[in-house]
Each structure stands twice: as C-alpha cells, then as structure tokens.
Amino acid sequence: MPIFADPAAVAHELWLNGRDSLVHALDHFSERNRERSDRQHHDKWIALSVHHAAECIANMRLVTLAPNDPIFNRRGTVHFPSLSHSLPVLRAPVFSPQPTRAEQKLFDLLANLIPIRNAFMHRMIPAGWDVSPAAMCTIGLLKYAERLQGEAASDLVWQNLPIERDVMEAVHYRHVVAYCDFAGLFVAEKYPNKTLYRCPSCEVYAVANDVCEACYEDLGSVSCPAFDEPAYYMKWQAQAGHISHVDCDHCNSSHPI
C-alpha cells in the first residue's frame, strides 16, 4: 500500500513549509547588515531557519524521487526523517537521475548545518561561530529551489539589490573561493547550452546576462569588435569614474566603456 495517497501534494506542502523558513532566513540576512544590528541574534535564527528549510526541501526531494521509501514509514504511520537521516538516502546512487555534482556538493554542505542547529537548540550559543556555512547553504537552497520549483530568490524576497548580495556578504573571505566554486556548479547546470562569461568581480564563469549569478555583482558590458562577444565590467566602478576601459577576454585587448 502506498505511503502517500498524493506524493505531489505532499511535496508541495513540504516546499511551502521550507519556503517560509527560507524567507525568514533571508529577512535575517538583510537585517544583520544594518547599523547596530544584533548579529548574534540574526545568525542564530539564520542557522535555525536554514536548517529547517533544508530539512523540508530534502524531504520534498525524497518524496518526489521515492515516495514509498521505508524511511517515511515508522511503525505503520507516516514519518518525515530528520536531515541527518534524509541526506544519506539522497546521496545513495540508486535514483534516476542520479544527483548532479551541484546536488552532491549541496548535500555535503547541508550536513554541516546539523551540529550547528543542535548547538543552538540544545546547548549554549557556539563561541566564535561563523555564519558562512549557513550562508553558503542558503544560496545553494535558493538555486536548488529555483531548479526544482521554478521560484527565484526575487520571488521569495524582492528588493532593489538582489537579496543574495546580503547573503553572500555574510560569507567570510576564507570561504569565498569555496563558495564561488560551489555557486559556479549550479550556474553551469542552469545554463547547459549557453555560453557563460567570466565575472570581473569573482572570476567565476557565471554571467549569462548582466548580473553575475555567483556573486550577484551588477555588470555592464561592451562588445568586442573582433569577436562580437561581450566584455563585462562592474557598473559601480564605471559610474564612480574608477575605470574607463574594460579588459577583453576574447581579444586580450581593452575597449572604451
């Protein structure tokens, strides 16, 4: 007998629950950058909200892939596993399609949330805790949700500068290279048949239009006359008068802005 009468409806409800926690986390990321904000307070609720969102989204994915997996059955009643139990099942190479490189990396990152969540819930606030892992997981979940649900971060929280900018600013410089490599995997999977261009800010090939989808830098471009390809520059640098030419990756020359 099937565990769920309507797995698609269950997956949708799990997404709505996880979506709400993602929005809550994003609100705290936005607030933590304000003057005189209590960052310890915001970081605590970011950790708890992102963990809850991850748990819901992991179960949503698992319900979609394997609605009759025994992990959802506990002594004859419906049971939704914790993140520590759902991640190993999602990592198992038994599903079709198998997890992509970006998914596998996201699952690895999400595992880091488990001890953080337990510390905040059951013990003292961890001394010197770095919000970077939760920030990286947030970006990963946003990109994952866009792929699975078709909802971009701007559909969850709209603001003039993308909310992802606030999230990335919480990533400590020690983790920036790892973050960029991780984000680049998702962007490459999002645009499998499109040429991606190098971002002049983070150096990731994550520019499909005029915004880098790894660091969310707002970019301008000029066309290379030799190859008819765009060469990108950071808009704020041009507007501030810091640059008047852009280095071109295509012809190894520079062009006026």
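Here the structure is shown first, and the text comes after it.
Reading guide: rules and limits
Residues numbered from 1 in each chain as written. Predicted model: local features only at pLDDT ≥ 70, side-chain atom pairs only at ≥ 80, totals over all residues. Heavy atoms only, no water. Salt bridge = Lys/Arg side-chain N within 4 Å of Asp/Glu carboxyl O. Helix = DSSP H or I, 4+ residues; strand = E, 2+ residues; numbered from the N terminus. Buried < 20%, exposed > 50% of the residue type's maximum accessible area, 1.4 Å probe, protein only. Core = buried A, V, L, I, M, F, W, Y, C linked by side-chain atoms within 4.5 Å. Contact = heavy atoms within 4.5 Å. Expected span 1.5 Å × (residues − 1). Axes fitted to C-alpha atoms, helices over the stretch in contact; angles between N-to-C directions. Parallel < 35°, antiparallel > 145°, perpendicular 65-115°, else oblique. Left-handed = near helix turned anticlockwise from the far one by under 90°. Nonpolar A, V, L, I, M, F, W, Y, C, P; charged D, E, K, R; others polar. Polar contact = N/O pair within 3.5 Å; in protein donor to acceptor, adjacent residues only side chain to side chain. Phe/Tyr/Trp six-rings, centres within 6.5 Å; stacked < 30°, edge-to-face > 60°.

Below, the discussion takes up the pattern of salt bridges. What the rule picks out here adds up to 11 salt bridges. Here E213 and K190 are joined by a salt bridge, their closest N and O atoms 3.0 Å apart. Taken together, the residues span a long stretch of sequence, with E213 in the loop between β4 (205–207) and β5 (219–223) and K190 in helix α9 (residues 176–190) at a distance of 23 residues. Taking relative accessible area as the criterion, E213 reaches 14% and is therefore assigned buried. Residue D249 is joined to R198 by a salt bridge in which the shortest nitrogen-to-oxygen separation is 2.8 Å. One end of the pair, D249, is in the loop between β7 (245–247) and β8 (254–256); the other, R198, is in strand β3 (residues 197–198), with 51 residues separating them in the sequence. The exposure class of D249 is partly exposed, given its relative accessible area of 39%.

L22, L110, L141, Y179, C202 and C212 are the most contacted members of the largest nonpolar core, which has 81 residues in total. Discounting chain neighbours no more than four positions away, the residues touching C212 are C199, C202, A206, V207, E217 and L219. In terms of nonpolar packing, the next biggest core, distinct from the first, is built from six residues, A231, Y233, V246 and C248 among them.

Here the focus is helix α6 (residues 132–149). The end-to-end C-alpha distance of α6 is 25 Å, a good match for the 26 Å that 18 residues give at a rise of 1.5 Å each. In terms of burial, α6 is a largely internal element, 13 of the 18 residues being buried. Residue G150 follows α6 closely and has a positive phi angle near 75°.

To continue, consider the packing of helix α2 (residues 39–65) against helix α5 (residues 113–122). A pair of packed helices can be characterised by two numbers: the angle between their axes and the separation between those axes. Where α2 contacts α5, the two axes come as close as 9 Å, and the packing angle between them is 125°. Between α2 and α5, the angle is such that the two are oblique. Here α2 runs over α5; the crossing is left-handed. Residues K44, A47, L48, V50, H51 and A54 of α2 lie in contact with α5, whose contacting residues are L113, I114, I116, R117, F120 and M121. Across the contact of α2 with α5, the residue classes tally to nine nonpolar, one polar and two charged.

A few words now on the environment of D69. Relative to the assigned elements, D69 resides in the loop between α2 and β1 (73–74). Once the C-alpha coordinates of D69 and V89 are considered, the two residues, 20 residues apart in sequence, prove to be 9.4 Å apart. When sequence neighbours within four positions are dropped, the list of residues in contact with D69 reads I3 and V89. For D69, the side chain forms a polar contact with the main-chain nitrogen of I71, separated by 2.9 Å.

A full pass over the atoms with the stated rule returns seven aromatic pairs. Measuring from centroid to centroid gives 6.0 Å for F72 and F80, while their planes differ by 70°, and the two rings are edge-to-face. On the accessibility criterion, F72 (0% relative accessible area) is buried. Exposure remark for F80: the relative accessible area of 34% places this residue in the partly exposed category. A ring pair is formed by Y197 and Y232, whose centres lie 5.9 Å apart and whose planes are at 50°; its orientation type is tilted. Here Y197, found in strand β3, pairs with Y232, found in strand β6 (residues 230–234); they are 35 residues apart in sequence, far enough to count as distant. For the pair formed by Y197 and Y232, the shared burial category is buried. Aromatic rings pair up to connect F107, Y144, F182 and F186 into one cluster.

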